[in-house]
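# Overview (structure and organization)
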Amino acid sequence: MEHRLWLSGPAWLQINESLWPVTSIDLGEEGLEGDQHIHTSLVNVREKEEHPLYELVLRRSSWSFILRTTVWVLRFAKLIQLGEFVTSKDLFIAESILIKMVQSKHFGFDIKQLVLGKECSEKLRKLRPLVQDGLLRVGGRLGRAQITFDQKHPLILPAKEPLVDRLVDYYHQTNLHTGPHLLEAIIRQKYWIIAGRNLIRSRVHACNHCFRRKPLAKPPIMADLPSCRVQPAKAFLHTGVDYFGPINITLGRRRGTSMYKAYVCLFVCMSIKAVHMELRSLWGSLFGSGNQFYRSQAGTFGSIHVFKFSGVYRYADGGIIHPGR
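Numbers given to residues run from 1 along each chain, matching the order in which its sequence is written. Side-chain atom pairs in this predicted model are given and counted only at pLDDT of 80 or more, local residue features only at pLDDT of at least 70, and totals for whole chains, interfaces and linings cover all residues. With hydrogens and water excluded, all non-hydrogen atoms of the structure serve as input to the side-chain values.

### Examining the environment of P162
Among the structural elements, P162 can be located in helix α7 (residues 162-174). To sort residues, take the accessible area from a 1.4 Å probe on protein chains only and compare it with the maximum for the residue type: under 20% means buried, over 50% means exposed, and anything in between is partly exposed. Relative accessible area serves as the criterion here: at 30%, P162 is assigned to the partly exposed category. Taking C-alpha positions, P162 is 9.7 Å from V102, a pair spaced 60 residues apart along the chain. With near-sequence residues (within four places) excluded, P162 lies in contact with Y54 and L58. The secondary structure listing takes helices from DSSP runs of H or I that are at least 4 residues long and strands from runs of E that are at least 2 residues long, numbered from the N terminus. Contact between two residues is taken to exist if any of their heavy atoms lie within 4.5 Å; hydrogens are not considered.

### Here's the deal with the layout of surface pockets
Buried and open spaces are told apart on a 1 Å grid over the protein atoms alone, a cavity being a set of points where a 1.4 Å probe fits but cannot get out and a pocket being an open set with protein on both sides within 12 Å along at least five of seven lines. Residues with an atom within 4 Å of a point are the lining residues. Grid points are joined across faces, edges and corners, and a volume is the space filled by probe spheres set on the points. By volume, the second largest pocket amounts to about 320 Å³. Together, 13 residues line the second largest pocket, and V204, H205, C210, F211 and K214 are the ones closest to its centre. Within the residue set of the lining of the second largest pocket, elements represented by two or more residues are α9 (196-205) and α10 (208-212). For this scheme, ten residues count as nonpolar: Ala, Val, Leu, Ile, Met, Phe, Trp, Tyr, Cys and Pro. Four count as charged, namely Asp, Glu, Lys and Arg, and the remainder, Gly too, count as polar. Class assignment for the residues of the lining of the second largest pocket results in seven nonpolar, four polar and two charged.

### Thoughts on the side chain of H153
Mapped onto the secondary structure, H153 falls in the loop between α6 (149-152) and β3 (155-157). From its side chain, H153 meets the backbone oxygen of V138 in a polar contact 2.8 Å long. Apart from the residues lying within four places of it in its own chain, the contact partners of H153 are L130, R137, V138 and G139. Each polar contact in these results corresponds to two N or O atoms within 3.5 Å; when the atoms are within protein, one needs to be able to donate a hydrogen and the other to accept it, and residues that are neighboring in sequence are counted only if both atoms are side-chain atoms.

### Points about the nonpolar core
Joining through side-chain atoms within 4.5 Å is the link that ties buried Ala, Val, Leu, Ile, Met, Phe, Trp, Tyr and Cys residues into a set, and such a set is a nonpolar core. Judged by nonpolar contacts, the single largest core of 26 residues is most densely connected at L98, V168, I187, Y191 and I193. Elements with a minimum of two residues in this core: α2 (54-57), α3 (63-76), α4 (88-115), β3, α7, α8 (180-187), β4 (191-193) and α9. No other element matches α7, which puts five residues into this core. Setting aside its immediate chain neighbours within four residues, I193 contacts L157, P158, A159, V164, V168, I187 and L199.

Don't take any of this as a statement about function, it's just geometry.
Right, dumping it as structure tokens:
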């Protein structure tokens, strides 16, 4: 900072301009190396203009408000008949104009190809699209079905579009904040959104009303395990018993053998989790026959933990029976 060049600059700046030390550059006879030429090109880049109605409707957060705003804009432009009230016909015309605006923005090339009788892009080809009254619709094979025209040929809409987000939110709110599966079925009665399932799930997940009214379940604190589960003991001294079934069995492999209904008696050791199963038929006592056969092999039970079913308590023979939970 204290150097004189910082304050006054070089000395030749203070003399006459004609006396400045100018050094000329001699490029020689050839000038630039070789035959190099400098070409300058001016390119006029013009962004694609949006529909004049598009920016206006994006300022609205509700689909119904967007439709009514569009109706008044069309009335001001004298494109529809003036009236004291907004009729359903006015809303239908406004919705058609908005859908055309969105489709021309995202599927303009495909619409032109279909109008000329050519194939559309590969992402829409599997839908067999058609153009009806300037609107791009799903083709399909439901022409003879006894349903409405919109259900046969729903309107094709893109997923990444702010107007489509507002449309999904509108159907979600008017149908009492229904879940994504039912909401998708309702929307597909009239619209076919490309990759709509992911869009609908994301819009439902972003709904603050649904988030506040969907609390997380808090599991209760479980009690301590019973003593037979944590203390060492002989195998099957403490046994849990349950049945499952019915299953169909045959008593032989002969031709014409009838099928019988049977159940399986399940014995589980409460200490080491060993499992023993007994196949019991429908006739006779279910628990009694299985219990007697098993006790002849495993010995006497210390305690039996069972779920309540008929015939259990009569075969305890002094053992402690605890009802299952």
